Amino acid sequence: LEKAQRALAERDVQLALAGKAGLVGTYAHDFNRDMMQVSEGYAAIHGLPEGTTETSRSEWKSRVLPEDLTRKLAVERKAFCERRGDYSVEYRIDRDGEVRWIESRGFISYDSDGSPQRIIGVNIDITEDAAEHAAGRVHGSAGAGGLMASALQHWLLAFGQASAQLRQSVARLT
């Protein structure tokens, strides 16, 4: 149990460092409340005041570009209907008059009757990658931004797999 707790603490530090770079932020949304708990990185990506640890789902919706909000919510609904454990979607937000591209990955938990109970997710600011792609460059191959985003996406995939394994280990020990 001590080893698992140490690994979780180390993972939290790694994620905090990535968040401070302004590229990655995490959130947790409980469907019984309109509020979302958010990390420092999430607040930075979304242009929220420093020290913000909570925002409402309604406030989040107001930041998403209207043409992307419908699609983002449809992806979530489809994942819920199919009882999938996760989903991934890209959308744009308005951050103080600047359009930013977000890749969102959510992990869904369901209650005993199969209704979505909670989403724990990560937002990745992929604006530089999107701009490079729009400029006709090969995704992830031009510039430090693309390389950083590719490395970060690889790290997040490994992080997600390790976190799932760690949660299973902790559950077996308790």
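Residues numbered from 1 in each chain as written. Predicted model: local features only at pLDDT ≥ 70, side-chain atom pairs only at ≥ 80, totals over all residues. Heavy atoms only, no water.

Asker: What is the right way to look at the overall build of the protein in this model?
Answerer: Secondary structure summary: the protein contains six helices and six strands in total. Across the protein, helices and strands are ordered from the amino to the carboxyl terminus as α-β-β-α-β-α-α-β-β-β-α-α. Buried residues in the protein amount to 40% of all 174 residues. Restricting the contact set of the protein to residue pairs at least 6 apart, pairs at least 24 apart contribute 42%. As displayed, the protein has an accessible area near 9900 Å², and 55% of this comes from carbon and sulfur atoms. (Helix = DSSP H or I, 4+ residues; strand = E, 2+ residues; numbered from the N terminus. Buried < 20%, exposed > 50% of the residue type's maximum accessible area, 1.4 Å probe, protein only. Contact = heavy atoms within 4.5 Å. Areas by Shrake-Rupley, 256 points an atom, 1.4 Å probe, with all protein chains shown as cover.)

Asker: Is there a simple way to think about helix H4 (residues 66-81) in this case?
Answerer: The end-to-end C-alpha separation of H4 is 23 Å, in line with the 22 Å expected for 16 residues at 1.5 Å each. By the burial criterion, the buried members of H4 are Asp68, Leu69, Lys72, Leu73, Glu76, Ala79 and Phe80. Buried positions in H4, seen along its axis, are confined to an arc of 130° and lie on one side of it. Summarising the geometry of H4, the exposed residues directed more than 90 degrees from the buried face are Glu67, Thr70 and Cys81. Its buried side turned inward, H4 meets helix H3 (57-63), strand E4 (86-95), strand E5 (98-110) and strand E6 (116-125). Count one or two residues on from H4 and you reach Arg83, which has phi positive near 55°. (Expected span 1.5 Å × (residues − 1). Arc of directions from axis to C-beta.)

Asker: Explanation requested: the packing of aromatic side chains in the structure shown.
Answerer: The tally for this structure, following the rule as stated, stands at three aromatic pairs. Look at Tyr27 and Tyr42: their rings are 6.0 Å apart centre to centre, the planes differ by 55°, and that puts the pair in the tilted class. Taken together, the residues span a long stretch of sequence, with Tyr27 in strand E1 (residues 24-30) and Tyr42 in helix H2 (residues 40-45) at a distance of 15 residues. The pair formed by Tyr27 and Tyr42 is uniform in burial state, with each residue classed as buried. (Phe/Tyr/Trp six-rings, centres within 6.5 Å; stacked < 30°, edge-to-face > 60°.)

Asker: Quick question: what am I supposed to make of the nonpolar core here?
Answerer: A general feature of soluble globular proteins is that nonpolar side chains tend to end up buried together. In this structure, Tyr27, Tyr42, Trp60, Tyr87 and Tyr91 are the most contacted members of the largest nonpolar core, which totals 20 residues. Contributing elements (two or more residues each) for this core: strand E2 (35-38), H2, H4, E4 and E5. Residues contacting Tyr87, with those up to four places away along its chain left out, are Tyr27, Lys72, Val75, Glu76, Ala79, Ser104, Arg105, Gly106, Ile108 and Ile119. (Core = buried A, V, L, I, M, F, W, Y, C linked by side-chain atoms within 4.5 Å.)

Asker: Explain the pairing of E6 to me, please; I cannot follow it from the model alone.
Answerer: Regular strands show a simple pattern: their side chains alternate between the two faces of the sheet. Where E1 and E6 come together, seven bridges link them in antiparallel fashion. Each residue of the ladder has a partner; that of Thr26, found in E6, is Val122. Bridging between E5 and E6 involves nine bridges; their strand directions are antiparallel. Paired with Arg105 across the strands is Val122, a residue of E6. (Pairing = 2+ DSSP bridges.)

Asker: Whenever I open this one, the sheet that holds strand E3 (residues 54-56) confuses me. Can you help?
Answerer: Think of a sheet as strands paired side by side through backbone hydrogen bonds, with each pair either parallel or antiparallel. The strand order across the open sheet built from six strands is E3-E2-E1-E6-E5-E4, with neighbouring strands paired in antiparallel fashion. Looking along the sheet, the strands with just one partner apiece sit at the ends: E3 and E4. Within this sheet the neighbouring strands show an average axis-to-axis angle of 30°, counted without direction. Across three bridges, the pairing between E2 and E3 is antiparallel. (Axes fitted to C-alpha atoms, helices over the stretch in contact; angles between N-to-C directions.)

Asker: Sorry, what's going on with the pattern of salt bridges here?
Answerer: Working definition: two side chains of opposite charge can pair if their charged atoms are close together. By the definition in use, this model includes 13 salt bridges. A salt bridge links Arg71 to Asp68; the nearest nitrogen and oxygen atoms lie 3.6 Å apart. Remark: Asp68 and Arg71 occur in helix H4; sequence separation between them is three residues, near one turn of the helix. Overall, Asp68 belongs to the buried group, its relative accessible area being 5%. For the salt bridge of Arg95 with Glu98, the shortest nitrogen-to-oxygen distance reads 3.4 Å. Residues participating in the shared-partner salt-bridge network are Glu67, Asp68, Arg71 and Arg92. (Salt bridge = Lys/Arg side-chain N within 4 Å of Asp/Glu carboxyl O.)

Shape is all these values report; function is a separate question.
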